[in-house]
Amino acid sequence: MFGSHFLTLADVTAQQVAQILETAQELKAKTKRGEAQPLLNGKTLIMIFEKPSNRTRVSFEVGMLQLGGNAVILRPDEIQMGKRESIADVAKVLSRYGDGVMMRVVRHTDIVEFARYATVPVINGLSDLFHPCQAVSDMLTIAEHKGRLEELTLCYIGDGNNVCNSLIYLAQRTGMRMVVSCPEGYEPTVRTTVAPYEIINDPEAAVVGADVLYTDVWTSMGQEDQVLKRLRAFEGYTVTEALLKRAAKDAIFMHCLPAHRGEEVDDSVMDSPQSVVFDQAENRLHAQKAILALLLHNAG
Ligand code: CP
Ligand code: NVA
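If you're wondering where the values come from, they're calculated on a predicted model, not measured in any experiment.

Caption draft 1: Main features of the site of ligand 1. Neighbouring ligand 1 are the residues S53, N54, R55, T56, R104, H131, Q134, C256, L257 and R284. The contact in question runs from a nitrogen atom of ligand 1 to an N or O atom on the side chain of Q134, over 3.0 Å. Put simply, ligand 1 lies in the largest pocket. Of the residues assigned to the shell around ligand 1, the class counts are two nonpolar, five polar and three charged.

In structure tokens form, the structure reads like this:
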């Protein structure tokens with residue numbers, strides 16, 4: 001069991017990461033065998049979305065159903081958190097109805113504020129700074145394809161964004177080496193003293209020998225006004241077939257999706273046999289069921 005909320009991974013230990021991954025593997029195997037997993041019978045997850053979503057929204061809802069519970073979805077126009085009602089009051093009210101809250105927020109500080117007042121577990125389904133559920137699903141996917149995590153090299157190419165920050169934490173907790181290749185000024189905000197990683201600005205040098213090549217969009221949700229500046233800044237950082245060839249022979253390609261094909265990654269890489277992007281998308285379901293089961297099973 002880990003802390004009462006799941007916001008950043010900063011406070012999750014290596015042992016707890018191993019426990020989440022093990023639980024996810026067990027739940028995935030049960031799902032494939034068609035076995036019932038009524039761990040959250042009668043429990044309700046409330047989900048707040050301040051930004052669009054496909055994978056997070058659907059996998060959390062399906063996950064709750066598979067665990068015997070249910071989910072309520074709230075869009076920003078319905079809840080108007082911080083406008084119609086203070087974040088603290090929304091947190092106190094929703095804690096009276098639900099057994100847990102999953103949130104996708106514009107500002108990370110808002111989920112921290114919400115969690116301070118919530119009396120049920122709060123899960124980060126993406127903020128401007130972190131995407132911890134994605135990183136857990138990614139580790140599950142890497143372990144499935146490589147048979148281990150320790151001593152592998154994960155090379156992340158592109159924007160040092162929310163996805164990159166969360167991968168840095170989990171690489172450290174699982175004994176992976178992490179190399180980030182980004183233009184100057186787009187480095188991850190997680191400090192190297194907290195979770196060590198290497199920055200190699202030149203992507204051609206950074207990918208050499210990598211077991212995992214990972215990229216994400218250059219313009220994240222909420223940064224649309226910077227799109228032209230970013231297209232210029234990230235020139236040369238596209239994951240092409242030529243770049244993939246410089247990685248280890250059996251390297252896998254990963255992307256959290258949605259992808260902007262032709263920008264950060266070419267079609268030929270996205271659709272190549274080395275690409276595991278749809279396994280990653282599937283594993284959001286299994287990883288999050290593990291997080292939900294561990295957080296909500298004994299809570300309340
Ligand atoms: N990867 C991910 O979080 O996808 P969505 O934005 O579609 O939820
Ligand atoms: N970095 C992207 C991830 C989307 C899942 C964003 O924040 O938009």
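Caption draft 2: Main features of the site of ligand 2. With respect to spatial proximity, the complete set of residues near ligand 2 consists of L126, N161, N162, V163, D216, V217, S220, M221 and L257. Here an oxygen atom of ligand 2 sits 2.8 Å away from a polar atom, N or O, in the side chain of N162. Within the side chain of D216, a nitrogen or oxygen atom sits 2.7 Å from a nitrogen atom of ligand 2. Contact with the protein chains removes 95% of the 270 Å² of surface that ligand 2 exposes when unbound. One can see that ligand 2 is located within the largest pocket. Broken down by class, the residue content of the shell around ligand 2 amounts to five nonpolar, three polar and one charged.

Caption draft 3: Spatial organisation of the sheet that holds strand β5 (residues 153-157). The five strands lie next to each other as β7-β6-β5-β8-β9, forming an open sheet whose pairing is parallel. Pairing within the sheet leaves two strands with one partner each, and these edge strands are β7 (198-199) and β9 (252-255). As paired strands, strand β8 (residues 212-215) and β9 are joined by four bridges and run parallel to one another. Within β9, the position partnered with V212 by the bridge is I252. Across the sheet, helix α6 (residues 132-146) touches β5, β8 and β9, and the angle it forms with β9 is around 165 degrees. Each of β8 and β9 touches helix α12 (residues 277-296); the most contacted strand, β9, lies at about 50 degrees to it.

Caption draft 4: How the structure looks around the pattern of salt bridges. Counted by the stated rule, this structure contains 11 salt bridges. The partner of D159 in a salt bridge is R230, with the nearest N and O atoms 3.0 Å apart. Linking D159 in the loop between β5 and α7 (162-174) with R230 in helix α9 (residues 227-233), this pair joins segments that are 71 residues apart in sequence.

Caption draft 5: Up close: the environment of V58. Turning to its location among the elements, V58 is positioned in helix α2 (residues 55-66). Here V58 falls in the partly exposed class, since its relative accessible area comes to 41%. Note: C-alpha distance between V58 and L285 (227 residues apart in sequence) is 8.5 Å.

Caption draft 6: The arrangement of the pairing of β5 in detail. Counted residue by residue, β5 has five buried out of five residues, so it is predominantly covered. Of the two faces of β5, the one lined by T153, C155 and I157 and the one lined by L154 and Y156 are each fully buried. Two strands pair when backbone bridges link them, and β5 and strand β6 (residues 177-181) are joined in this way by five bridges, in the parallel orientation. Bridge pairing links Y156 to V180 in β6. Taken together, β5, α7 and β6 form a β-α-β motif whose crossover is right-handed. The pairing of β5 with β8 spans four bridges and is parallel. Across the sheet, Y156 pairs through a bridge with Y214, a residue of β8.

The rules behind these values
- Residues numbered from 1 in each chain as written.
- Chains lettered and ligands numbered in written order.
- Predicted model: local features only at pLDDT ≥ 70, side-chain atom pairs only at ≥ 80, totals over all residues.
- Heavy atoms only, no water.
- Near = heavy atom within 4 Å.
- Polar contact = N/O pair within 3.5 Å; in protein donor to acceptor, adjacent residues only side chain to side chain.
- 1 Å grid on protein atoms, 1.4 Å probe; cavity = no way out; pocket = protein on both sides within 12 Å on 5 of 7 lines; lining within 4 Å.
- Sits in = over half its atoms within 2 Å of the grid points.
- Nonpolar A, V, L, I, M, F, W, Y, C, P; charged D, E, K, R; others polar.
- Areas by Shrake-Rupley, 256 points an atom, 1.4 Å probe, with all protein chains shown as cover.
- Pairing = 2+ DSSP bridges.
- Helix = DSSP H or I, 4+ residues; strand = E, 2+ residues; numbered from the N terminus.
- Contact = heavy atoms within 4.5 Å.
- Axes fitted to C-alpha atoms, helices over the stretch in contact; angles between N-to-C directions.
- Salt bridge = Lys/Arg side-chain N within 4 Å of Asp/Glu carboxyl O.
- Buried < 20%, exposed > 50% of the residue type's maximum accessible area, 1.4 Å probe, protein only.
- Right-handed = clockwise from strand over helix to strand, strands pointing away.

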